[in-house]
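Overview (structure and organization)
Listed here are the chains, written in short residue letters.
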Amino acid sequence: MRNFAVFSLPLLAIGCISVVVGCAGRQYGHILAANDKDLVGSHVAGAATWNPLVDESVAKLLGRCPPAIQTVSFESANAMKLDGQIGSALASGPATVCFIGIENKSAEEMVDFKDQLYERIDSQINSAETFRCISRRMVDAALVETRLRPDSLFLPENRAQFAAALGRQGAPVDYLLYATITSGTTDRNKTTQRDYLLTLEMVNLHSGDFLKESATIRKGYSKTRAGKWWNFGLGQGDG
């Protein structure tokens, strides 16, 4: 009986290790509700960082963009109607926006988030009453046809060539929209602070005038939970 007990201990230890290893390789998933908080990434930026940056920068940009030009009538003293226009010197609405793309100049690889942010920005711009976006497929096709890089469109002759290519596709363009992501990193011992900045730049294709808005989020990374409290204080989101 004693020998059996001694022999069974190694088997019990091996069994426990197998159970632990098996559990470590298992993953569980669940559907998040609309009011659930986004997961805070422990090593890089994630949904909790990128989504608020997009929402804030787009809202600020659309808030600064002028309303669409609308035709109105004035009644003169002798009952004659005079037709006139009121609005902005920028494009008449609904203006067409060509979203060129997102340039990542941050310290992190965005992996699958880059395309998702593109679609999020594109959808929000397109939902505004005074704007409509050109299909991304048509934009990519025009860039291939003209053999132009997105950053080369700041030259007037290149803008004209690019606009002509879109016009031949039946998509006249009023604005070019650029998105740029940058980051700044501060290190202290084993704790890191990274400031994420998303900048949107809307360029009037006809005049070259532009509007620029940005949003920023600061995020801290620590090796331990105590490091987070020590460096950034209480009340921070965990990651």
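What you see is a predicted model, and the numbers here were worked out from it, not measured in a lab.

1. Some details on the pattern of salt bridges
On inspection of all chains with the given rule, the structure shows nine salt bridges. Measuring nitrogen to oxygen at the nearest pair gives 3.1 Å for the salt bridge that ties Asp55 to Arg120. Separated by 65 residues along the polypeptide, Asp55 in helix 2 (residues 47-64) and Arg120 in helix 3 (residues 113-126) bring together distant segments of the chain. Owing to a relative accessible area of 31%, Asp55 belongs among the partly exposed residues under this scheme. Here Arg120 falls in the partly exposed class, since its relative accessible area comes to 30%. Here Arg149 makes a salt bridge to Asp151, at a shortest N to O gap of 3.5 Å. Classification of Arg149 by relative accessible area gives exposed; the value is 58%.

2. Focus: the confidence of the model for the protein
Within the protein, residue pLDDT values average 77, and 72% of them lie at 70 or more. Every residue in residues 69-92 scores below 50 in pLDDT, and together they form 33 contacts with partners more than four places removed in sequence or on other chains.

3. A short note on unusual backbone geometry
Even without glycine at this site, Val111 takes up a positive phi of about 50 degrees. Val111 sits in the exposed class, given a relative accessible area of 70%. Phi is positive for Arg147, which is not a glycine, with a value near 55 degrees. Looking at where Arg147 falls in the secondary structure, it is placed in the loop between helix 4 (136-146) and helix 5 (156-168).

4. Notes on helix 2
In an α-helix, one turn spans 3.6 residues; hence positions three or four apart end up facing the same way. Along its 18 residues, helix 2 runs 26 Å from first to last C-alpha, staying within 8% of the 26 Å computed at 1.5 Å per residue. For helix 2, the set of buried residues is Thr49, Trp50, Asn51, Leu53, Val54, Ser57, Val58 and Leu61. Elements in contact with the buried residues of helix 2: helix 3, strand 5 (175-188), strand 6 (191-204) and strand 7 (210-222).

Cut-offs and rules
Residues numbered from 1 in each chain as written. Predicted model: local features only at pLDDT ≥ 70, side-chain atom pairs only at ≥ 80, totals over all residues. Heavy atoms only, no water. Salt bridge = Lys/Arg side-chain N within 4 Å of Asp/Glu carboxyl O. Helix = DSSP H or I, 4+ residues; strand = E, 2+ residues; numbered from the N terminus. Buried < 20%, exposed > 50% of the residue type's maximum accessible area, 1.4 Å probe, protein only. pLDDT = per-residue confidence, 0-100. Contact = heavy atoms within 4.5 Å. Expected span 1.5 Å × (residues − 1).

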